[in-house]
Amino acid sequence: MAGSAFGLAPPFPTIRRFFACASDSFFFGGVLSIRLRTLSSILRSELETISKHLYELLSSTSLSTSEVRRIPASAIIGPPSPPQTKQDSLFRDSHLKLYWAGCHAHDLSKSWASYVKNSDLMTLVPKGDGVLLISDIGVPVENSMMAADAIHALRSSLDFLMSALARKAGIGDKRVLFPFTQSEEELAKTFEPPAPGKKLLRRTKEFQRLCRHYPQLKTLLIERIKPYPQSDFAKLGLGHALYLISNADNADKHRFAALSVQITRVDEVIIELGNGAGDVSIKGFDLIGSGFRFPAGSKLKSQPKFSAGMFFPEGSMLANKPVAGTLIQLIEFVRQTITIFEQIFDT
């Protein structure tokens, strides 16, 4: 949608014409009633257009991978705002789980910042006839657990959307989950009757029952959310981002995987050279690969200031993605999904 970041530029010129016509009508009273009918038609048309643009914005937001990379790996995740939902709101439980995911992400960020601040970053280790400057920092087990808990809370927030609809429809909610499939074709099959001689899984049967009660749910999932992995990794669409949550949560159910750490930048490190040549200062360098090599007997004079980030482990589609930036974006995607459901079903 060209024209503005929110795709709302196209309606504005006509709305400006609306006010111009209104002003003109006050000067020419003889055509006022005709003008008012015309203005009413214009306004109704433009409001429908704006509503359509807003809906499309919420349901098809995409995130370029370059945007993720612009969030520093060592970014601090701020505290979430408590959900401002009424007690009887249909999707209140989803908001609460989303809030809890934000709490885990914030606690993880604070814990990591404190750990990095109080840890020895660099060490010199023997290497051949010299010593090698390397990073010597890991990720505390607690941090890995907090990241996994944040992902699980996000997945639960999505499942709560479906269970809320099931309860409203008078359907059992124990087997109703947010649907994820491997492809568009597989998603379409979840709405079809079983093949001859085959039986539907009870979970699929309950899901189809829910969709019969809410026909718009099928359209929303197939045409808007598309909860399956996309082959185009240049952009992370809404459905693809939600699928990443499900994929990572499933991986965590089967084994513990520790987060990895990367030192993204060192501001300055001072080395006392072992060959008697004095000190050497290395400033503002990116620590990539195996670091720097110095003469045998060299010593660190002090621990440098640095930036370090956590990264998701192997085993899921989030592997090697920065934890902070990824959680920030996934939380926002789930928030947008809840908003879409509220607009359609919580009326």
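See the structure shown above.
Colleague: Tell me about the overall build of the protein, and please be specific about residues and values.
Modeller: A tally of helices and strands in the protein yields 10 helices and nine strands. By sequence separation, contacts in the protein at least 24 residues apart represent 71% of the contacts at least 6 residues apart. Within the structure as shown, the protein displays about 19,100 Å² of accessible surface, and the carbon and sulfur contribution to it stands at 54%.

Colleague: Explain helix H8 (residues 215–225) to me, and be specific about the residues and the numbers.
Modeller: By the burial criterion, the buried members of H8 are Leu-217, Leu-220, Leu-221 and Ile-225. Projected onto a plane normal to the axis of H8, the buried residues spread over an arc of 90° and lie on a single side. Those residues of H8 that are exposed and angled more than 90 degrees off the buried face are Pro-215 and Glu-223. A positive phi of about 55° marks Lys-226, the residue just after H8.

Colleague: Can you break down a positive patch on the surface residue by residue, with the values?
Modeller: A cluster of like positive charges, contributed by Lys-174, Arg-175, Lys-199, Arg-202 and Lys-205, occupies part of the molecular surface. Of the residues examined, Lys-205 reaches a relative accessible area of 48% and is grouped as partly exposed.

Colleague: So, the packing of aromatic side chains: which residues are in play, and what are the values?
Modeller: Within the structure shown, the criterion is met by eight aromatic pairs. Ring centres 5.7 Å apart and planes at 35° place the aromatic pair Trp-112 and Tyr-115 in the tilted group. Separated by three residues within a single helix, Trp-112 and Tyr-115 lie in helix H4 (residues 92–117), roughly one turn from each other. A relative accessible area of 5% places Trp-112 in the buried class. Consider the rings of Phe-341 and Phe-345, whose centres lie 5.5 Å apart with planes at 40°: the pair is tilted. Here Phe-341 and its partner Phe-345 are both found in helix H10 (residues 323–345), four residues apart, which amounts to about one turn of the helix. Considered together, Phe-341 and Phe-345 belong to a single accessibility category, that of buried residues. In textbook terms, an aromatic cluster arises when at least three aromatic residues are bridged by ring pairs, as seen for Phe-91, Phe-178, Phe-180, Tyr-214, Tyr-243, Phe-341 and Phe-345.

Colleague: Can you explain the packing of H4 against H10? Please cite residues and give values.
Modeller: Packing of H4 against H10 leaves a shortest axis separation of 11 Å and a crossing angle of 170°. Between H4 and H10, the angle falls in the class roughly antiparallel. Of H10, the residues touching H4 (which contributes Ser-94, His-95, Leu-98, Ala-101, Gly-102, Ala-105 and Leu-108) are Val-323, Leu-327, Ile-331, Val-334, Arg-335, Ile-338 and Glu-342. Among the residues making up the contact of H4 with H10, the classes are represented as nine nonpolar, three polar and two charged.

Colleague: Before we move on, can you summarise the nonpolar core with the specific residues and values?
Modeller: Membership of the largest hydrophobic core comes to 65 residues, with the highest contact counts inside it found for Phe-178, Leu-217, Leu-242 and Phe-341. Here the element with the most residues in this core is helix H5 (residues 141–168); it accounts for 12 residues. Among all residues touching Leu-217, those that are not within four sequence positions of it are Met-162, Leu-165, Phe-207, Leu-210, Cys-211, Phe-341 and Phe-345. The next biggest cluster of nonpolar side chains, apart from the first, holds seven residues, and it includes Leu-124, Ile-271, Ile-282 and Phe-294.

Calculation criteria
The written sequence of each chain sets the order in which its residues are numbered from 1. With pLDDT at 70 or above as the cut-off, local features in this predicted model cover only qualifying residues; side-chain atom pairs require 80 or more to be listed or tallied, and sums for whole chains, interfaces and linings still use all residues. Water and hydrogen atoms play no part in the side-chain values, which are based on all heavy atoms of the structure. Secondary structure elements are taken from DSSP: a helix is a run of H or I of four residues or more, a strand is a run of E of two residues or more, and numbering for both begins at the N terminus. Note on definitions: a residue-residue contact is assigned when non-hydrogen atoms from the two residues lie within 4.5 Å. Computed by Shrake-Rupley with a 1.4 Å probe, the accessible areas treat only the displayed protein chains as cover when residues are assessed. Using a 1.4 Å probe on the protein chains alone, a residue whose accessible area is under 20% of its type maximum counts as buried, one over 50% counts as exposed, and one in between counts as partly exposed. Along the arc lie the directions from the helix axis toward the C-beta atoms. A patch consists of residues exposed above 30% relative accessible area that lack any salt bridge, with like charges linked at up to 9 Å and nonpolar side chains (Val, Leu, Ile, Met, Phe, Trp, Tyr) linked at up to 5 Å. Each reported salt bridge corresponds to a side-chain nitrogen of Lys or Arg within 4 Å of a carboxyl oxygen of Asp or Glu. Charge counting treats Lys and Arg as positive and Asp and Glu as negative, with His and both chain ends excluded. For the purpose of locating charges, the reference atoms are NZ of Lys, CZ of Arg, CG of Asp and CD of Glu. Only Phe, Tyr and Trp rings take part, Trp by its six-membered ring, and two of them pair if their centres are within 6.5 Å. Stacked means planes under 30 degrees apart, edge-to-face means over 60, and tilted covers everything else. For helices, the fitted line uses only the C-alpha atoms of the stretch in contact; every axis is such a line through C-alpha atoms, and the angle between N-to-C directions lies from 0 to 180 degrees. Working definition: roughly parallel below 35 degrees, roughly antiparallel above 145 degrees, roughly perpendicular at 65 to 115 degrees, and oblique for all remaining angles. Only Asp, Glu, Lys and Arg are considered charged in this grouping, and only Ala, Val, Leu, Ile, Met, Phe, Trp, Tyr, Cys and Pro are considered nonpolar; every other residue, Gly among them, is considered polar. The set of buried Ala, Val, Leu, Ile, Met, Phe, Trp, Tyr and Cys residues whose side-chain atoms join them within 4.5 Å is what this entry labels a nonpolar core.

Geometric values such as these leave the question of function open.
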